[in-house]
Amino acid sequence: MRTIEHALGSLLSSCAWAQASDVPGVLLRAIMLAILLSGCEAPKVLAPPPPLRAASAASYAVDVEFDVPLDRASAEDASRYSLIPASGGTPASISSATLVDTLYGRVVQLLIPDWLSSNPDTTDFDLTVSNVQSITGRSTGIRAVRFRTGLSYRAPMRAWFDSNCDRCHGAAQQDGSYRTDSYAALLGGGTNATANVIPGDPMCLTVVKCKPHNSMFNAANLTYFDYELIKNWVESFNARF
Ligand code: HEC
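Described in the following lines is the structure provided in the data block. From a predicted model like this one, the values you see are computed outputs, not experimental measurements. (Residues numbered from 1 in each chain as written. Predicted model: local features only at pLDDT ≥ 70, side-chain atom pairs only at ≥ 80, totals over all residues.)

**A short note on the nonpolar core**
Judged by nonpolar contacts, the single largest core of 49 residues is most densely connected at V64, L110, I112, L127, I230, W233 and V234. Within the residue set of this core, elements represented by two or more residues are β1 (52–58), β2 (61–66), β3 (81–85), β5 (107–111), β6 (124–130), α6 (157–164), α8 (205–209) and α10 (224–235). It is α10 that provides the largest number of residues to this core, a total of 7 residues. For this core, the domains that each give at least three residues are domain 2 (52–148) and domain 3 (157–235). Leaving out residues up to four positions away in the same chain, L110 has contacts with A61, V62, V64, Y81, I94 and A97. (Core = buried A, V, L, I, M, F, W, Y, C linked by C-beta atoms within 7 Å. Buried ≥ 20, exposed ≤ 12 C-beta atoms within 10 Å, placed from the backbone. Helix = DSSP H or I, 4+ residues; strand = E, 2+ residues; numbered from the N terminus. Domains from an automatic or database assignment. Contact = placed C-beta atoms within 7 Å.)

This is how it looks when you write it as structure tokens:
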């Protein structure tokens, strides 16, 4: 059943008009199934995404990805999120929650203004989300995930390139004459001498290719959260090692 829900979730993502509709959940699912059978944009049925992912978007912001498209009002209610240091202590206060992913409706960005001055870089936090609703009005329940603030090549980006890119850009295969399996190679050129990752520049080739619907977004089956991750590493954290 969960798998079917995931498949329907990705269908919802690929059919923008359905997100705007008010049709009750059951009917909506029936319509989605009919669309699946008739082949709307022929979405691939992928392995189910993890229920919750979180990563720093900047020193004072956190991106949170759900596995289903969300109801905007509940997704943007900051009181449904809590961020507690893994070592214990007081929760960080969250000033806003914004649904930044207007394509798939699954990524919310939390702002934590206190972190502008205290900047807890490389610190583990436990994020808990309570009763954020999916676009079909179903509660996503209470979910938690631990993440480390700050983005660096060593963690989590090296593992991210490894699982998403290295099979086509590694030792065995170098598509586009480009390798993503070392920091030096990432910052190098591919088919020409221009660097593909330029610290601070969200318009550099590697980031642009990972934008939703661009070639590497599709080749690697990325999500909006993945695009945010690579963009924020390059732009907000200067593609640091
Ligand atoms: C299924 C194979 C495949 C996967 C997975 C893949 N790529 Fe590619 N990539 C290609 C192919 C083929 C090309 C050459 C054609 C093109 O430029 O679109 C390419 C080209 C590129 C280029 C352009 C290189 C140049 O200098 O012209 C960049 C940058 C790139 N990929 C980044 C990535 C990143 C980052 C990932 C992981 C998120 C990724 N790719 C995952 C197949 C893949």
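**Comments concerning the sheet that holds β1**
Taken together, 4 strands build an open sheet; the order of strands is β1-β2-β5-β4 and the sheet is antiparallel. At either margin of the open sheet sits one strand with a lone partner, and together these are β1 and β4 (96–99). On average, each strand axis in the sheet is inclined to that of its neighbour by 25°, with strand direction left out of account. Bridging between β1 and β2 involves 6 bridges; their strand directions are antiparallel. Looking across to β2, one finds that S56 is bridged to V62. α10 contacts β1, β2 and β5 of the sheet and is inclined by roughly 30° relative to β1. (Pairing = 2+ DSSP bridges. Axes fitted to C-alpha atoms, helices over the stretch in contact; angles between N-to-C directions.)

**Remarks on the pairing of β6**
Only one face of β6 is covered, namely the one carrying F125, L127 and V129; the face carrying D124, D126, T128 and S130 has none of its residues buried. Relative to β6, β3 runs antiparallel, the two sharing 5 bridges. For P85, the partnering residue across the bridge sits in β6 and is F125. Two elements, β6 and strand β7 (residues 142–148), share 7 bridges in a ladder whose sense is antiparallel. Within the sheet, the bridge partner assigned to L127 lies in β7 and is V145.

**Quick word on unusual backbone geometry**
For the peptide bond that leads from A155 to P156, omega is 5°, which places it in the cis range. Structurally, P156 can be placed in the loop between β7 and α6.

**A closer look at the sheet that holds β6**
Pairing within the open sheet is antiparallel, and its 3 strands lie in the order β3-β6-β7. The open sheet has two edge strands, β3 and β7, and neither has a second partner. Each strand axis lies, on average, 20° off the axis of its neighbour in the sheet, ignoring direction.

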